[in-house]
Structure formats: C-alpha cells, structure tokens
Amino acid sequence: MNRFKASKFRHTEARLPRREAWISGIRAGSITSCGNHLKASCRWIAFNAEAAGVLGIVPLECEDGGKRTISQLCCHSDVVTDFDFSPFDQLLLATGSADETVKVWRLPESGQDIPAGAGLTLGPGGAPVDTLQFHPTADAVLASSAGKRVTVWDLGQQQPLTVLDSHGDQLQSLTWKHDGHLLGTSCKDKKLRIFDPRAGPAASQSVPGHDNNKDSRLLWMGSSDCLISVGFSQMREREVKLWDTRRLSGATLTMALDTSPGVTIPLYDADTGLLVLAGKGENLLYCFEVAPMQPALTQVTQCRTEGSTRGLGAVPRLALDVMACEVIRVLQLTDTALVPVSYLVPRKSVQEFHEDLFPDCTGTLPATDAQGWWAGDSQQVGRVSLHPARRPTETFTSPIIAGTGPTNASHTDTDTGHTDADTGHTDTDQSEASGYSSPSSLASPGSAATSLSAGTGPSSGFASSPSQKSLQSILGPSSRFRHAQGRVLHRDHHLTNLRGLSLTTPGECDGFCANHQRVALPLLSAGGQIAVLELSKPGRLPDAAVPTIQNGAAVADLTWDPFDPQRLAVAGEDAKIRLWRIPEGGLHQTLQEPEAILRGHTEKIYSIRFHPLASDLLVSSSYDMTVRIWELSAGREVLCLQGHTDQIFSMAWSPDGKKLATVSKDGRIRLYEPRRSSQPQQEGPGPEGGRGARLVWVCGGDYLLVSGFDSRSERRILLYRAQALPEGPLSVLGLDVAPSTLLPFYDEDTSVVFLTGKGDTRVFLYEVTPESPYFLECNSFTSNEPHKGFVFLPKTACDVREVEFARALRLGQSTLEPVAFHVPRVKKEYFQDDLYPPTRVWWEPALGAGAWLDGQDGQQRRASLRPADMVPVSEAPKEAPARKFVPASVYLEEKTDEQKKEELLSAMVARLGNRDDPLPQDSFEGVDEDEWD
C-alpha cells in the first residue's frame, strides 16, 4: 500500500452469505496435519471428511440452481494429511497421507461415471507425507514433504527429480515461487530455507524463522522476492513476518496478531496483495493488504463467522464473480458446512468490468512439462483476462493419467468386496485396480495414531452417488442424538454469589462434586475448607460466611458416596482421606471432626473413587505410585495395587465392579483385577502427550474411552477394546487444541459421552458405538463464558417430560447453573421409551464390601423412568398419514372457461353490492339555498 496514495482495497468488506448459500450436510474431520484441510479448483471442492483416509468432494458451482451432490473419495488407508489441485488441469487432484504414499486422481466431469481408483501412486517413502504442492509453471511436477526431506516428482515418469534433505527436523510447510525457480520451506527446527531444486539439493539460503517450533507456514508472494510466514513467538503469540530473499538476514517486518492457540492458516492473492488469515478452531477471519516494498501490513477488514474454522481454502480467480466486484472468495470448512465468504470492493457501477480491480491473471495452460523444466526451461505461464467476454475457453488435460479408467458403479456391499464387520476380514482379496483393498490396512491396531472411523469399505475411488445410495449411506451413520440441545435452566434454579471458590484444584480433580441432593465446593481459604450447598435451596447466597467443612489440609479430590448421600470422602495433600457426614438438611454449623480418617499412603493423593456396586468400598491413587482399596466400615486398607512408574492421571471401575483401569503419565493404560492380583492383568499404549489424561468405561464395559493429548498438544479421544489393550486403540479422534484435559462423562443408558475441560466454553457430545465409525458426532453445547467445572447429576434428576436425557451443573466464576440436555421431539406428551431404557437403581448397593472382597459379584436392579400418567410413545395410536396429493376427482371435475368467467363475474358483482342501494353522498344533509349568500 503506497503511503501517499489511497489503496483501492481499503473499503473491502467481507460478506457472509445466508444459510441457504452454505454447502451444508457435510461431516468435516478434525485432522491434525500441516495442511489447510480444504482446496478448490474451478470445478471441484475437496475437504477432509470425518472418516480417516477420506476426502469429501463437492462441485464448486451447483448446476441449474439445484443442490450440490456430496461424494466421498476413499483414497488412503490412513489420514489424508494434505492435498492439492493442479493449477492447469482442473480435474487433477494429488493427495498425501500418513500411510506414506502420494496418489494422483482424475475427478470426473459433471455427469460422467465415477472412477474407481487412483491414476497413479507414489511411495511409500518411509515417513508420513506432511505437505504437497503442484509446480506453478510446469505440468506434472509435484513437491511433497515427508519427515525431514522434500521430494520433487516427475508424475509422468513416476520418479523423483530430486530430494532436498538438508532439514534438521520435521517439515511444516513448503511453497513454490510463482515463476517456478525457487522453493521455500519452514521446519520444526525454527528455520526457513530457500532451495533452487535444479541447482542442487542443498539450501541456497537459510534463516531463523519464528522462535516457537509450533506449526508455522510459509507463502511466496507471487513472483516477487518476498515471502510471508506465520507462526508463534517465544511468548506463544501468533505473529506474521515479511521476508526479502535479497537480504534474508532477518524479517523486514514482524507483526503480532494475538495470543490465540489455534494454528494460523494463511491465504495470499498475488494479484491484489490481500492476505486472509484464520485460526483453526476459531471463528475470526482477518484480511490484510501487504506492501512488501515498504514493508507494511495494513488491516483491511475482519469478520466473525458463525462456526469455528476446521479448514480454509481460496477459490481460483477465474471462478470469481468479477461483475459483483468480488476480489477474493474463501471457503470456510466448519463441522457441518462449507461457508463461502466473499470479499467485495464497493463500487457505484456494478454493470461494468473494473480493470483496476481485476488485472490479467495467470492462465491455465502450462508453460512447459516436467522434463523441460528440469532441463532449464523457465518459460512463464501466459496471463488471461478476467473480463467475462474475453475469458479463454480452452481447457488443459494433463497426459499423466490417460482417460478416466475403470468405473465403479456397484455398491460397496456387493458380494465381490463384502466385509464382515465383526471379524474385519474380506471374503475376496481385491486389488487396488478394482477399487478395494484389504481392511487389515484400514484397521491396523498396532498404530496408535490411526483412526478407524472410515470403517470397512473401498480404500480408493468414490463412494456410490446419491442415485445409487441415500445421502446418509454416503456420509455414514448418524446418531439419534445428533440434534441434542443443551440449555441453561432459568435463574430461579441457580446458586449465585459464590465467594472464595478454589479454582486451582489439581488436574486429576473435577473441581467440585455433586449428588442429587447437594454439592461440595472447595474454597480458597486456608485449611482446606469446603462449602456444602443444598440443591433444593437455590438463590443468592448471603454475603456473610456460610458454614463449611474444615478439612485441615488442602483438597486434592472429593466425591460423594453413591449409596449414602450424606457421606463425603475428601482426599488431602497430607496423604490422608477423611470421611465427613453431612447432617440432614445441610450444614448449619462448621464441621471440624471427620467421621473417620484413612491412613496408608505416604505421599499426596491424586484421586478417589467409590465402588459402583459394593457399599463401603473406596479406591485411591497417590504420588507413591500405588492404588489402594479401602473397606470403610472397618476403616482399613484391604488391597494395594502396584505396577505404576509415573504419575497416575485417572482410574475407573468397570460397570460390573470386577476390574479397575488406570492411565498414567508414562503413556500406559493398565487393567487390574484387584481380587486376583496386585499387578496389572493387561497393559497397552495410552495417549502420547504427558499433560494429562482421563478414562471411562463405555459400551457395557467392553471398551475403554481415554481422553488425552498427542505430541502436538491436540486434544483427542481414543477407544480401546478392554480385552485387547496391547493392540492399541481402535479409533482416534482429534477434537481441538486447548490446554486443559478433557473430562469425560458417559451416560450408559444412551451411550453418549460428554467431554469438556476446565476453562472451556464448549461441551462435545458423541454417541459411542462398538462398530465403525465408533464416534457419532452430536450437537455440542456452548456457553458464553468459561466454566471452572462441569459435573453431571444422576439420571433421576432428568425431566423426562421435556425429553431431557442428561443434566449437569456448570460452575462459573461465582455461580452454579444447571444445564439440561434434551432431544427435540414432536410428541412430548408421550414417554419416549426409545430414549429411556430401564436405568440402574444406582442408590442401592448390590452387595457389601466384605462380600465383594470374598469374591462375590452382584448386579443392581433396574427401574423405569416413566411417570405413571405418561403413555410410552411406542404404544401411541397410529395416525393416518396426511394426504400429500390432490385427489383425482379434482381433475375429473375440471371447469370450462365459460364456467370460470361466470363465477368470476358473480364474485365481482357480489363485491360491488346491490345497484339499488343509495350512494353514500345521498345521505349527506347539505345546506339551504339562502346560506350560500
């Protein structure tokens, strides 16, 4: 932007479309990779779908004003990390994956058959593919990065032209200069490097980039000598830097953006000089105008979108609506939709073409081929006009893939490729050319980072079109709770004016605990004080101090006895567990003497849990690396479990009370049968990151769900088969990037798991199934401010008349708010027995502690939640279906034109009234003749 001349883009505005213009009905994936997760050509849009190894494919423009058809490209046996469209052949798509291969696909023309397999496959290369990008001037040249090296491929020969391996750590991005001479990279070793691939494999220039090794991106500014990089500073601030290769000793400009943790996705348009930035997991889009010669970065506009960004991509300039003065269009990938965001320059006249806004842009005919470029040909791609009347009509088809190959018009459940979902074995071993591969490659249990949510099906080619299968079969199964809604109940049910809350409880603690009668809240004051409040007495608490429990030591964890609502167990940092008894009606005076004290641990206690079936049985974990089981009636330790080598993050009893699972900082999950052995029965790999983890039993106790972090600090959930922990996770699902550990709550009646963390504003909901894709996403709940804790109440607290299937308590800065989760239903007057199976009578123990220790097992009875005055919806009278067609008698009694005229005339006469009726002016009195004088 010239300092003496106003920019023509200074009034650029971002225009968000109405929901009707969204491409909705998609299920986006949350893949952790260095890619943008969305790319577009002039014909197609590709995006990361929810299933691993699958891309969603949708036309850029809908035909005849109809809805777009969403298809799936099942292209790899592991997650698709990055992909790119050819700048010349608008149907050519390259994909890279964690399965270490690169594949090139030819997408179909509109109305043509769908191809079954990839046109060509490169690799495996010994490391997961991280990024890839087509060459900007030569056809059939592709650069891909894997691990510490970049490979430049000749796709026509299916051979590498050169390998650039002078990097010190994992690559994070690569970018071609628009004239095709140079290649730039950013790396986890915090350096930016410039290569001339035709001159040699060594970097011609290198410079320290961003001070933080978190994901950084590098973009070349067209054919100029300048680059843009985005990354994080040493203080974890997101920042943008401008570089000039003619003096690459340091950045020419550094601008701090904000302190958000989301990785920044940059999109730069060389013809306008506009830079669009978006953070993954955020809903804010920045737009800057870049002037590298000054240098300067000037913010033009910013807009806030409705959904959070999963991915971002730019539409090619040849696809812009130039007559509407659209200078950039970006596509935002959210959880359930593709949202086009247009950047428009306001002009008085929109009936003419504005050449100052739309200079000639790069065309779609390559300047040379791979061998010509490698031999030194440096011709440039011709430029074409964006004027609608002068736009080129010729198209280019790359010769690297001849024709469209065999078609796959059959369903995925035909006999030739039938998959047994129970065994994971195919009846016939199909080759890649037929569009199928062995599901063993999809379901490799040895890799902890491999998600199996793609299920068993074709590993290459498109899924069947909507004309062959329903849209749901294309997008995969959906949850019956997908439309679940969470809402905060009225203020009449809130507890407010909470003062002195302790908001720094250990990560192993939920922050507070509640049962169906009361809630216990640790306070910040010395001595480990705990406030106990009655849920039956909502409202504003008095400003004066309320009676508390004087625990005598800082609180590490606390929990209510499920079989005795008046007994509270508190674990202290002094390695003791104190049992407190709350009087009927709540605390009226401060409690100083506990009912009992349990001693045995030698160091601070992590967490405590009551047994789900046996009364008077408590388990605790400690910094002394032991897990101890206590018989409360005798006040003694009865069992001590060994085998941990590091901090124990979480532990959970199985639903039948026979087993105990733990996850610890050493990256291991352990499964104990306490009555048989003090050593773990099984061990398996847990989450990679050591920042914290939680686990919970799901699907009737056959599976374990673990929440934790990966090596890049992304929060994720992992599903294990309880009987096969050493085989690793069945499925891995990445959620977002945030510092707090996800706290899972599993509702065994609905199979829905709720996940949120301390300091979060969002609660994730997933239905967990024992078959692929394992996790079915539901609507999430979002609050206006971060919560300090989120604890669920027993099932009996739900209002079934409002179709409420879960209720929680949300702890704010000074308030405690009940949150109800319900399912929208039309016939709410009936009891929804499909959502409310008989629930466990959780308040009655199945057996005592002594009987359990002697080897006995019990089972709690179940009871219906149906009120006596409600009829189950399954017994509701069947209504006759509404007639959605016009009876034939209407057409048989068609009236003639004369009859229609007569009826119309009669209606008009009726409205005019009777001609003999007096006119209104006849009723006026008027004046006498002598009054005129």
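This text goes with the structure placed above it.
Asker: What should I look at first to understand the sheet that holds strand S11 (residues 129-134) in this one?
Answerer: Hydrogen bonding along the main chain pairs the strands of a sheet, whether they run parallel or antiparallel. Strand order in this open sheet of four strands is S11-S12-S13-S14, and the pairing throughout is antiparallel. Each of the sheet's edge strands pairs with one partner strand only, and the pair in question is S11 and strand S14 (159-164). Averaged over all neighbouring strand pairs, the angle between strand axes comes to 20°, with direction disregarded. Both S11 and strand S12 (residues 141-146) contribute to a ladder of five bridges, which runs antiparallel. Of the residues in S12, the one forming a bridge with Val129 is Ala146.

Asker: Hey, could you run me through unusual backbone geometry in this one?
Answerer: Across residues other than glycine, the phi torsion is negative in most instances, and most of the peptide bonds are trans. Geometrically, the link from Gly123 to Pro124 is a cis peptide bond, its omega value of 5° lying close to zero. Topologically, Pro124 is positioned in the loop between strand S10 (120-122) and S11. Look at the link from Gln294 to Pro295: it is a cis peptide, with omega at -15°. Tracing the backbone shows Pro295 in the loop between strand S25 (284-291) and strand S26 (296-304). Backbone geometry at Arg236 places phi at a positive 65°, although glycine is not the residue there. With phi around 70°, Met625 is a residue other than glycine that occupies positive phi space. Mapped onto the elements of the fold, Met625 is located in the loop between strand S46 (617-622) and strand S47 (627-631).

Asker: Hey, could you run me through the sheet that holds strand S17 (residues 191-195) in this one?
Answerer: If you walk across this open sheet you meet the four strands as S15-S16-S17-S18, and the pairing is antiparallel. A single partner strand is all that each edge strand has here, and the edge strands are strand S15 (171-176) and strand S18 (205-208). Looking at each pair of strands side by side, their axes are set apart by 15° on average, direction ignored. Relative to strand S16 (residues 183-187), S15 runs antiparallel, the two sharing five bridges. Within S16, the position partnered with Leu174 by the bridge is Thr185.

Asker: Would you mind showing me how to read the pairing of S12 here?
Answerer: Within a regular strand, the side chains alternate between the two sheet faces. Burial within S12 is extensive, with six of its six residues counted as buried. The antiparallel pairing of S11 with S12 creates a hairpin that spans six residues between the two strands, and Ala140 there sits at a positive phi of about 70°. Two strands pair when backbone bridges link them, and S12 and strand S13 (residues 149-154) are joined in this way by six bridges, in the antiparallel orientation. Its bridge partner being in S13, Leu142 is matched across the sheet by Trp153.

Rules of the game
- Residue positions are counted from 1 within each chain, in the order its sequence is given.
- Owing to the predicted nature of the model, reporting of local features is limited to residues with pLDDT of at least 70; listing and counting of side-chain atom pairs is limited to 80 or more, with chain, interface and lining totals taken over all residues.
- The side-chain quantities take in all heavy atoms of the structure and omit both hydrogens and water.
- Here a strand pair is declared whenever DSSP counts at least two bridges between the two strands.
- Note on conventions: DSSP H or I runs of at least 4 residues are helices, E runs of at least 2 residues are strands, and numbering of each starts at the N terminus.
- Helix axes use the C-alpha atoms of the stretch in contact, all axes being lines fitted to C-alpha atoms, and the angles between their N-to-C directions lie in the range 0 to 180 degrees.
- Burial here depends on accessible area, computed with a 1.4 Å probe over protein chains only, as a share of the maximum for the residue type. Under 20% is buried, over 50% is exposed, and the range in between is partly exposed.

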